[in-house]
Amino acid sequence: MDVKAASNGVSTIEDRILRITGYYGYYPGYSSHQREEASENRTENINPDNNVKTRCQTCTSAFFKIFWGFLVILSVSSSWVGTTQIVKVTYKNFHCPFFMTWFSTNWNIMFFPVYYSGHLASAQEKQTLIKKIRECSRIFGEEGLTLRLFLKRTAPFSILWTLTNYLYLLALKKLTATDVSALFCCNKAFVFLLSWIVLKDKFMGVRVPKITDTNLQTILFTPHDIKKLLNLLDTTKTIVAAIMAITGIVMMAYADGFHGDSIIGVALVVGSASTSALYKVLFKMFLGSANFGEAAYFISTLGFFNLIFISSAPVILYFTKVEYWSSFSALPWGYLCGVAGLWLAFNILVNVGVVLTYPILISIGTVLSVPGNAAVDLMKHEVIFSMVRLTATTIICIGFLLMLLPEEWDEITLRFINRLKEKKNEDQTEDTTESSVHTRSRSRANGTVSIPLA
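Note that the structure is predicted; figures quoted are calculated from it, not measured.

Asker: What am I meant to see in helix H8 (residues 177-184) here?
Answerer: Since the α-helix advances by 3.6 residues per turn, residues separated by three or four positions end up pointing in the same direction. Among the eight residues that make up H8, eight are buried, leaving the element largely enclosed by the rest of the structure. Those residues of H8 lying buried are Ala-177, Thr-178, Asp-179, Val-180, Ser-181, Ala-182, Leu-183 and Phe-184.

Structure follows, in structure tokens:
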């Protein structure tokens, strides 16, 4: 769950979709992270004389972000691959996906204690547990967490969380781990598609600047026109990525002829990716961009809600023998704890990684789980991948990576074009100066003075 926009200005895909789709009423809620960023920006504006020192600190910070990024990439991909593969192994003797989902979600309660332990170990100014809880609970509002807000805010997100994980585990029974992890990468594209349904405002495209005779004479557009063109390309890029995701889904279903377990498995993964996308869009709309402490507190509340209100569901499934086991001693507790532990580690790494490095690197770690699962399926389970499945997986991954292109790429391109234009003007000025000096010197040698025309 990407719950925080990086302080370096690289926005997450959910923030970009809210902008692209014209949702100008988007309000980030009560995020202390944004209040801290605003105060930092004011401090930087007050001290403009420390440019050299700031640049050195920026380079050092970028280096450490990239270094930590590689570690987070490996950890995120490994934890997600491990979770998926252990579920496949557990299914050999124990097929109770909802019980596994409920059991793993209960472990989310430990998220905030883990965060607070890290706070006590690393923070210079340590806060008491009660004070930290009050500070992090402001994600629900200035009054903190109340019973009404607990039910109003936590219930829909807890249901979406459970549906996402439950459908994902169900799909692992029908498809290989590689297919499921690849199809789940479509959730970024579904964020874009679902935003048109969830958000009230309709899509507001960017008008292409009209090419006039003046544009043709100067060959270059104005910076404002170029900005609108690049903004249009950013929107088009997102649409192309969504189309590629849909194409990959259709090809994956076609691999087995649109029948059997394949089409059911594809439908389950698509449902899981859709609920995940809906979760992210709603989180951005109602709760805004949370810092690490607020995210840990919120996920822990999801665990409490799951333990209190959803515990009746596995009991009902047990007595109706939909998900039945002989005794508690027969349960594969080792595998269950392994799945729950790796799932918790994945969520912690995603949220910690956003603090340590760039969000795009965390998303890359997620997509790297696809080749990781493919390697395990090929070597351990001896799975043979058809050309159609390989092509579908490749298309989905390319669309996923296309979605990850930062929003600032258009500004970078604009600056690059301006630099080229400035450099071209400087070269023309130097050539004119050199030709003027050469003409004057030659004229003086002939006993005349010639002034070149401008």
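Asker: Is there a simple way to think about helix H18 (residues 387-403) in this case?
Answerer: Its 17 residues place the ends of H18 24 Å apart at the C-alpha level, agreeing with the 24 Å of an ideal helix rising 1.5 Å per residue. For H18, the full list of buried residues reads Arg-389, Ala-392, Thr-393, Ile-395, Ile-396, Cys-397, Gly-399, Phe-400 and Met-403.

Asker: Is there a simple way to explain the environment of Ala-273 in this structure?
Answerer: Within the secondary structure, Ala-273 is located in helix H12 (residues 261-286). When the C-alpha positions of Ala-273 and Phe-190 are compared, they lie 7.2 Å apart, and in sequence the two are 83 residues distant. Other than its neighbours up to four places away in sequence, Ala-273 contacts Leu-183, Phe-184, Cys-186, Asn-187 and Phe-190.

Asker: Looking at this structure, how should I read the packing of helix H5 (residues 111-122) against helix H13 (residues 292-309)?
Answerer: Geometry of a packed helix pair, given as the angle between the helix axes and the separation of the axes. Look at H5 against H13: their axes get within 7 Å of each other, and the N-to-C directions meet at 150 degrees. On the basis of the axis angle, H5 is roughly antiparallel to H13. Residues Phe-111, Phe-112, Pro-113 and Tyr-115 of H5 touch H13, and the partners they reach there are Phe-292, Gly-293, Ala-296, Tyr-297, Ile-299 and Ser-300. Tallied by class, the residues present in the contact of H5 with H13 amount to eight nonpolar, two polar and no charged.

Asker: When you look at the nonpolar core in this model, what are you seeing that I'm missing?
Answerer: By size, the foremost hydrophobic cluster in this structure holds 88 residues, and its most contacted members are Phe-94, Phe-99, Met-100, Phe-157, Leu-169, Leu-183 and Phe-298. A per-element tally of this core places helix H7 (residues 147-174) first, with twelve residues. Leave out the neighbours within four places in its chain, and Leu-169 touches Val-87, Tyr-91, Pro-97, Met-100, Thr-101 and Trp-343.

Asker: Just to check I follow, could you spell out the packing of aromatic side chains for this structure?
Answerer: Note on aromatic pairs: each is described by the distance of the centres and the angle between the planes. Applying the stated criterion to the full structure yields 31 aromatic pairs. With centroids separated by 5.2 Å and ring planes inclined at 85 degrees, the aromatic side chains of Tyr-115 and Phe-292 adopt a geometry described as edge-to-face. Here Tyr-115, found in helix H5, pairs with Phe-292, found in helix H13; they are 177 residues apart in sequence, far enough to count as distant. Taken individually, Tyr-115 and Phe-292 each receive the classification buried, so the pair is uniform in this respect.

Asker: Just checking my understanding: could you explain unusual backbone geometry for this structure?
Answerer: Excluding glycine, residues mostly have negative phi values, and the peptide bonds linking residues are mostly trans. Even without being a glycine, Lys-321 presents a positive backbone phi close to 60 degrees. Residue classification places Lys-321 among the exposed positions, given a relative accessible area of 61%.

Asker: What should I look at first to understand the pattern of salt bridges in this one?
Answerer: Between side chains of opposite charge, pairing is possible as soon as their charged atoms come close. A complete count under the given rule lists two salt bridges for this structure. A salt bridge links Lys-132 to Glu-135; the nearest nitrogen and oxygen atoms lie 3.8 Å apart. Of the two residues, Lys-132 and Glu-135 both sit in helix H6 (residues 129-136), three residues apart, roughly one turn of that helix. Between Asp-179 and Arg-389 there is a salt bridge; the shortest N-O distance is 2.5 Å. With Asp-179 in helix H8 and Arg-389 in helix H18, this residue pair connects regions lying 210 residues apart in the sequence. Exposure class is identical for Asp-179 and Arg-389. Each is buried.

Asker: Is there a simple way to explain the packing of H7 against H8 in this structure?
Answerer: For the pair H7 and H8, the least separation of the axes is 9 Å and the interaxial angle reads 145 degrees. You can see that H7 and H8 cross each other, and the crossing is right-handed. For the pair formed by H7 and H8, the contact residues are Thr-164, Tyr-168, Ala-171 and Leu-172 on the first element and Ala-177, Val-180, Ser-181 and Phe-184 on the second. Split into classes, the residues belonging to the contact of H7 with H8 amount to six nonpolar, two polar and no charged.

Rules used throughout
- Residues numbered from 1 in each chain as written.
- Predicted model: local features only at pLDDT ≥ 70, side-chain atom pairs only at ≥ 80, totals over all residues.
- Heavy atoms only, no water.
- Buried < 20%, exposed > 50% of the residue type's maximum accessible area, 1.4 Å probe, protein only.
- Helix = DSSP H or I, 4+ residues; strand = E, 2+ residues; numbered from the N terminus.
- Expected span 1.5 Å × (residues − 1).
- Contact = heavy atoms within 4.5 Å.
- Axes fitted to C-alpha atoms, helices over the stretch in contact; angles between N-to-C directions.
- Parallel < 35°, antiparallel > 145°, perpendicular 65-115°, else oblique.
- Nonpolar A, V, L, I, M, F, W, Y, C, P; charged D, E, K, R; others polar.
- Core = buried A, V, L, I, M, F, W, Y, C linked by side-chain atoms within 4.5 Å.
- Phe/Tyr/Trp six-rings, centres within 6.5 Å; stacked < 30°, edge-to-face > 60°.
- Salt bridge = Lys/Arg side-chain N within 4 Å of Asp/Glu carboxyl O.
- Left-handed = near helix turned anticlockwise from the far one by under 90°.

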